[in-house]
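# Residue-level structure breakdown
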Amino acid sequence: MARIAVIGTGYVGLTTGACFAHLGHDVICADIDADKIERLKRGEIPIVEEGLGRIVSEALAAGKIKFVVGAVNASSYAEFHYLCVPTPQGEDGSADLHYLEAAAEEIGPCLPTDSVVVNKSTVPVGSTEVVAMHLKRSDVQVVSNPEFLREGTAVKDFLNPDRVVIGASDQKAAIRVAALYSRVRAPIMVTDPVSAETIKYASNAFLATKLSFVNAIANLCEHVGADVNDVTLGMGYDTRIGKDFLRPGPGWGGSCFPKDVAALAKIAEDYGYDFTLLREVLAVNNAQFDRTAQKVLQALGEDLSEKKVAAWGLSFKAGTDDLRESPAVEVLQRVSGAGAQITAYDPAVPNGVKELPLVEVVSDPLIAAKDADVLVVLTEWPEFKFVDFDQLAEQMRGRVIIDARNLLDRSVLLRRGFTVIGIGR
Ligand code: UGA
């Protein structure tokens, strides 16, 4: 079993550290945030992520994971150093490498001889080289090992991945990193660092393209009178297309897709390739936010002064409390900006949201619906399907539901006199 340092305890770092500890390695996770480290030492998990609390507690009890402040305190003792620091979107769409470079500079002098630094952060093509330059250590290999974890299922995705991608110029380093996954049953693909970095961006950009395409098809279905649920079912039977990632919605979001699609477009531009398709993918997504907001506004009618909207869902998808680039927030900003009053409920978001200063957040879906003229469903939380719809009918003033995730059972709602406006149906 190996000694692994994980630098950065965000959702990627914490999941990576906890899962490696679960696989039997000795892990030290480092962060600059002392409060967070104190809480993690007590087994308190700062994010909503299924199964993560349990495996962190088990690893703490087994002495397999430690949490320390400062990268140097983790890296001085490890053979592998996973860089899991944020790479936020810069002004021009490119990824900001400032945290990554700073982490490399910091750990460079303290790395044990012959250790391996692994880039897990999503970084622009060529960054493995950049990290090597900042480490200033000729005896240390830098390897790319991109993550493909989804928020909400990150632990499951780490332990049962579709593939593990390792990008290394040094075969020995690649084999050493591959050995860390010996207890994981998945194809391990070894390639060069630039290809590994490109695989990460290409995968996210392809999935985002698939979603923009599906949303555009849903819009077309509305024009021609087709039902997108049947259309995507029919498409998904073709194994070349696949059944996954075909659900239309209010637009796609999260901490990865918007930033990674923009970053890939920028990388292409920097290398002299005009990736017009990706710009269109982003434009279609923005138009989807507008279109969903328009559905709500149209249902409210011309005079918004006394109108109330109930919103179910704020997080960017079910299973997480993450609000970053959330389609729900995008849509509600547009509806609120037009002057409608909004009361929202999300099972993972208990308090008001700074991006939506005028939106009241309550602790129950039926309270959110009180006196609402229109209800809009923006995140696909399964619990919304099981709300008491008789009580919903009593609570609401109006009878229109915009189901932007095609989540609710239409027949149940139609029987109670609701008008349901979905996406692509
Ligand atoms: C995404 C990728 O799926 C992961 O493989 C990748 O590792 C991760 O980004 C990352 O780069 O870190 P995540 O951001 O957690 O994972 O979210 P997804 O589950 O991919 O969903 C993204 C958005 O697409 C959400 O707004 C979701 O609601 C939407 N979506 C997804 C749909 O509208 N329809 C679908 O059928 C699927």
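Bear in mind that the values here come from a model prediction, so they are computed numbers and not experimental data. (Residues numbered from 1 in each chain as written. Predicted model: local features only at pLDDT ≥ 70, side-chain atom pairs only at ≥ 80, totals over all residues. Heavy atoms only, no water.)

Packing of helix α12 (residues 276-300) against helix α13 (residues 327-337) brings their axes to within 9 Å, and their N-to-C directions diverge by 50 degrees. Taken together, α12 and α13 sit at an angle that is classed as oblique. Crossing angle aside, the handedness with which α12 passes α13 is right-handed. Along its contact with α12, which presents Asn 286, Phe 289, Asp 290, Thr 292, Ala 293, Val 296 and Leu 297, the element α13 presents Pro 327, Glu 330, Val 331, Arg 334 and Val 335. When its residues are assigned to classes, the contact of α12 with α13 shows seven nonpolar, two polar and three charged. (Axes fitted to C-alpha atoms, helices over the stretch in contact; angles between N-to-C directions. Helix = DSSP H or I, 4+ residues; strand = E, 2+ residues; numbered from the N terminus. Parallel < 35°, antiparallel > 145°, perpendicular 65-115°, else oblique. Left-handed = near helix turned anticlockwise from the far one by under 90°. Contact = heavy atoms within 4.5 Å. Nonpolar A, V, L, I, M, F, W, Y, C, P; charged D, E, K, R; others polar.)

Of all the eleven residues making up α13, eight are buried; the element is thus mostly covered by neighbouring parts of the structure. Along α13, the residues classified as buried are Pro 327, Ala 328, Val 329, Glu 330, Val 331, Leu 332, Val 335 and Ser 336. Elements that come into contact with the buried residues of α13 comprise α12, β9 (308-312), β10 (341-345) and β12 (374-377). You can read the cap of α13 off the contacts: a side-chain oxygen lies 3.1 Å from the backbone nitrogen of Ala 328, and it is on Ser 326. Count one or two residues on from α13 and you reach Gly 339, which has phi positive near 115 degrees. (Buried < 20%, exposed > 50% of the residue type's maximum accessible area, 1.4 Å probe, protein only. Polar contact = N/O pair within 3.5 Å; in protein donor to acceptor, adjacent residues only side chain to side chain.)

A word on the layout of surface pockets. Looking at the largest pocket, its volume works out to about 1,500 Å³. The wall of the largest pocket is formed by 50 residues, among which Arg 150, Leu 207, Phe 245, Phe 257 and Lys 317 lie closest to the centre. If you list the elements that add at least two residues to the lining of the largest pocket, you get α7 (154-159), β7 (164-167) and α9 (193-224). In terms of residue count, α9 provides more of the lining of the largest pocket than any other element does, eight residues in total. Broken down by class, the residue content of the lining of the largest pocket amounts to 21 nonpolar, 13 polar and 16 charged. In this structure, the second largest pocket occupies an estimated 1,100 Å³ of space. Gly 10, Tyr 11, Val 85, Pro 86 and Arg 324 are, among the 45 residues lining the second largest pocket, the residues nearest its centre. When residues of the lining of the second largest pocket are traced back to their parent elements, those giving at least two are α1 (11-22), β2 (26-31), α2 (34-41), α5 (98-107) and α11 (257-270). (1 Å grid on protein atoms, 1.4 Å probe; cavity = no way out; pocket = protein on both sides within 12 Å on 5 of 7 lines; lining within 4 Å. Points joined across faces, edges and corners; volume = space filled by probe spheres on them.)

Tracing the chain through its elements places Asp 260 in helix α11. In the structure, Asp 260 is positioned 115 residues away from Asn 145 in sequence and 16 Å away in space, judged by C-alpha atoms.

Burial of strand β13 (residues 400-403) is two-sided: the residues Val 400 and Ile 402 facing one way and the residues Ile 401 and Asp 403 facing the other way are all buried. As paired elements, β12 and β13 share four bridges and run parallel to each other. Note on β13: the bridge partner recorded for Leu 375 is Ile 401. Viewed along the sheet, the connection from β12 through helix α15 (residues 389-395) into β13 turns out right-handed. Running through helix α16 (residues 410-415), the crossover from β13 to the neighbouring parallel element strand β14 (residues 419-421) is right-handed. (Pairing = 2+ DSSP bridges. Right-handed = clockwise from strand over helix to strand, strands pointing away.)

As a structural note, the neighbourhood of the ligand is formed by 22 residues, with Glu 147, Glu 151, Lys 200, Asn 204 and Cys 256 the closest of them. Take Leu 149: an N or O atom from its main chain is 2.8 Å from an oxygen atom of the ligand. Protein chains shield 95% of the accessible area of the ligand, which is 710 Å² for the free molecule. Put simply, the ligand lies in the largest pocket. Of all the secondary structure elements, the ones that give two or more residues to the shell around the ligand are α9 and α11. Per element, the largest residue contribution to the shell around the ligand is three residues, and it comes from α9. For the shell around the ligand, a count of residues per class yields eleven nonpolar, two polar and nine charged. (Near = heavy atom within 4 Å. Areas by Shrake-Rupley, 256 points an atom, 1.4 Å probe, with all protein chains shown as cover. Sits in = over half its atoms within 2 Å of the grid points.)

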